[in-house]
Amino acid sequence: MYYSRITLELAKLPPERLKELITKGSYALHQWIWLLFTEDVTRKFVFREEEGKGFIRFYILSENAPKKDDLFRVETKEFKPKLRKGDRLIFTLRANPTVCRKGRRSDLFMDVKKRAPQMDRKDLRTLQQAVATEWLRRQAEGSGFSLISSTVESYQRKRVYGKEGDPITFCTLDFSGVLEICDPEIFLRKLLIGFGREKAFGCGLMLIRRQVTL
């Protein structure tokens, strides 16, 4: 696997690319990212998008290395962490947790709010945190890790446009916390697959680092 940091500097975009970005938004960005992996018949990467002043940056975990491209500054390295059972890691995760009720899928936080309309804001937030943590705990089952702790750092509603210009609305939660490795091989395979839905729109990538002990 490969971990990459890919940066798009907006001031250096050719006029035709800038026009495409303004017209198509996130759909154009994601199509450009796909062009870095033209050898993949199906998507074999997960990514996370961050906006900065004058640039857009993508963090990508992929099965194959991205190719170089004049449009982006591509920095990549092989991803081969040496993990053992019992290791504890600090993680961050941007995910799209959903719940399905009566055949309809909805945003996890909004579902909680609809089921507890009279709850005050503080108690609602506590309940939403608990439900989100339970969702992540279920994700851990069969994924080679157990959840030690987690916090939802932010909740955002996003609106993007599909191939035909149709609007797509979804929500994201940014988690942070600590996990413990149960099965390193299964965990690494799951990292490449990603967690939750809407992976095509920048959800599902878990970033990890070792927990420093004193």
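Our subject is the structure listed above.
Residues numbered from 1 in each chain as written. Predicted model: local features only at pLDDT ≥ 70, side-chain atom pairs only at ≥ 80, totals over all residues. Heavy atoms only, no water.

Visitor: For the overall build of the protein, give the residues involved together with the corresponding values.
Guide: Helices and strands together make up the secondary structure of the protein, namely five helices and 10 strands. Its C-alpha atoms give the protein principal-axis dimensions of about 50 × 45 × 35 Å. Only carbon and sulfur atoms are counted for the fraction: they give 50% of the accessible area of the protein, which is about 12,700 Å². In the protein, 42 positive and 28 negative side-chain charges are present, and the distance between their average locations comes to 3 Å. (Helix = DSSP H or I, 4+ residues; strand = E, 2+ residues; numbered from the N terminus. Areas by Shrake-Rupley, 256 points an atom, 1.4 Å probe, with all protein chains shown as cover. Lys, Arg positive; Asp, Glu negative; His and termini not counted. Charge placed at Lys NZ, Arg CZ, Asp CG, Glu CD.)

Visitor: Describe the nonpolar core, naming the residues involved and giving the relevant values.
Guide: Within the largest apolar cluster, 30 residues are counted, with the highest numbers of intra-cluster contacts made by Phe91, Leu93, Phe175, Leu179, Phe187, Leu191 and Met206. Among the secondary structure elements, those contributing two or more residues to this core are strand S3 (55-62), strand S5 (88-95), helix H3 (108-115), helix H4 (121-140), strand S8 (145-161), strand S9 (167-181) and helix H5 (184-193). Not counting the four nearest positions on each side in its chain, Leu179 is found in contact with Asp87, Arg88, Leu89, Phe91, Phe145, Ser146, Ile148, Phe187 and Met206. Ile33, Phe45, Phe58 and Phe72 belong to the second-largest nonpolar core, a separate cluster that totals 18 residues. (Core = buried A, V, L, I, M, F, W, Y, C linked by side-chain atoms within 4.5 Å. Buried < 20%, exposed > 50% of the residue type's maximum accessible area, 1.4 Å probe, protein only. Contact = heavy atoms within 4.5 Å.)

Visitor: Break down the sheet that holds strand S4 (residues 73-78) for me, with residues and values.
Guide: The strand order across the open sheet formed by four strands is S2-S3-S1-S4, and the pairing between neighbours is antiparallel. The open sheet has two edge strands with one neighbour each: strand S2 (45-52) and S4. Taken pair by pair, the neighbouring strands of this sheet meet at an average axis angle of 15 degrees, ignoring direction. Pairing geometry for strand S1 (residues 2-9) and S4, over six bridges, is antiparallel. What sits directly across from Ile6, in S4, is Val74. Across the sheet, helix H2 (residues 26-34) is in contact with S1, S2 and S3; its angle to S2 comes to roughly 130 degrees. (Pairing = 2+ DSSP bridges. Axes fitted to C-alpha atoms, helices over the stretch in contact; angles between N-to-C directions.)

Visitor: Go over the environment of Ala116, please, and point to the residues and values.
Guide: Residue position: Ala116 is located in the loop between H3 and H4. A sequence separation of 19 residues divides Ala116 from Trp135, and the C-alpha atoms of the two residues are 18 Å apart.

Visitor: Please provide a residue-by-residue account of the packing of aromatic side chains, values included.
Guide: Counted by the stated rule, this structure contains 10 aromatic pairs. Geometrically, the ring pair formed by Phe37 and Phe45 is stacked, given 4.6 Å between the ring centres and 20 degrees between the ring planes. Neither Phe37 nor Phe45 differs from the other in exposure class; each is buried. Aromatic side chains Phe109 and Tyr155 sit 5.1 Å apart centroid to centroid with 20 degrees between the ring planes, which places their arrangement in the stacked category. Of this pair, Phe109 sits in helix H3 while Tyr155 sits in strand S8, and the two are 46 residues apart along the sequence. A relative accessible area of 3% places Phe109 in the buried class. We note Lys190 situated over the ring of Phe195; from NZ or CZ to the ring centre the distance is 5.2 Å. (Phe/Tyr/Trp six-rings, centres within 6.5 Å; stacked < 30°, edge-to-face > 60°. Lys NZ or Arg CZ within 6 Å of the ring centre and 35° of its normal.)

Visitor: Describe in detail H3, supporting the description with residues and values.
Guide: Among the residues of H3, those classed as buried are Leu108, Phe109, Asp111 and Val112. Each buried residue of H3 lies within a common arc of 160 degrees when the element is viewed along its axis, so the set occupies one face. Sitting at the head of H3, Asp107 places a side-chain oxygen 3.1 Å from the backbone nitrogen of Phe109. (Arc of directions from axis to C-beta. Polar contact = N/O pair within 3.5 Å; in protein donor to acceptor, adjacent residues only side chain to side chain.)

Visitor: Tell me about the pattern of salt bridges, and name the residues and values.
Guide: Applying the stated criterion to the full structure yields 14 salt bridges. Ionic pairing is found between Arg210 and Asp87, a salt bridge with its closest N-O pair at 3.3 Å. Of this pair, Arg210 sits in strand S10 (residues 206-210) while Asp87 sits in the loop between S4 and S5; the two residues are 123 residues apart in sequence, bridging distant segments of the chain. Residue Glu134 is joined to Arg137 by a salt bridge in which the shortest nitrogen-to-oxygen separation is 3.9 Å. (Salt bridge = Lys/Arg side-chain N within 4 Å of Asp/Glu carboxyl O.)

Visitor: Explain the environment of Ala200 residue by residue, including any values.
Guide: Within the secondary structure, Ala200 is located in the loop between H5 and S10. On the basis of relative accessible area, Ala200 is assigned to the partly exposed category, the value being 44%.

Visitor: Mind laying out the packing of helix H1 (residues 15-24) against H2, listing which residues take part and the relevant values?
Guide: Two elements in contact, H1 and H2, have axes whose closest approach is 6 Å; the angle formed by their N-to-C orientations is 125 degrees. Overall, the two elements H1 and H2 adopt an arrangement that is oblique. On H2, the residues that touch Arg17, Glu20, Leu21 and Lys24 of H1 are Ser26, Tyr27, Ala28, Leu29 and Trp32. A breakdown of the residues in the contact of H1 with H2 according to their chemical character gives five nonpolar, one polar and three charged. (Parallel < 35°, antiparallel > 145°, perpendicular 65-115°, else oblique. Nonpolar A, V, L, I, M, F, W, Y, C, P; charged D, E, K, R; others polar.)

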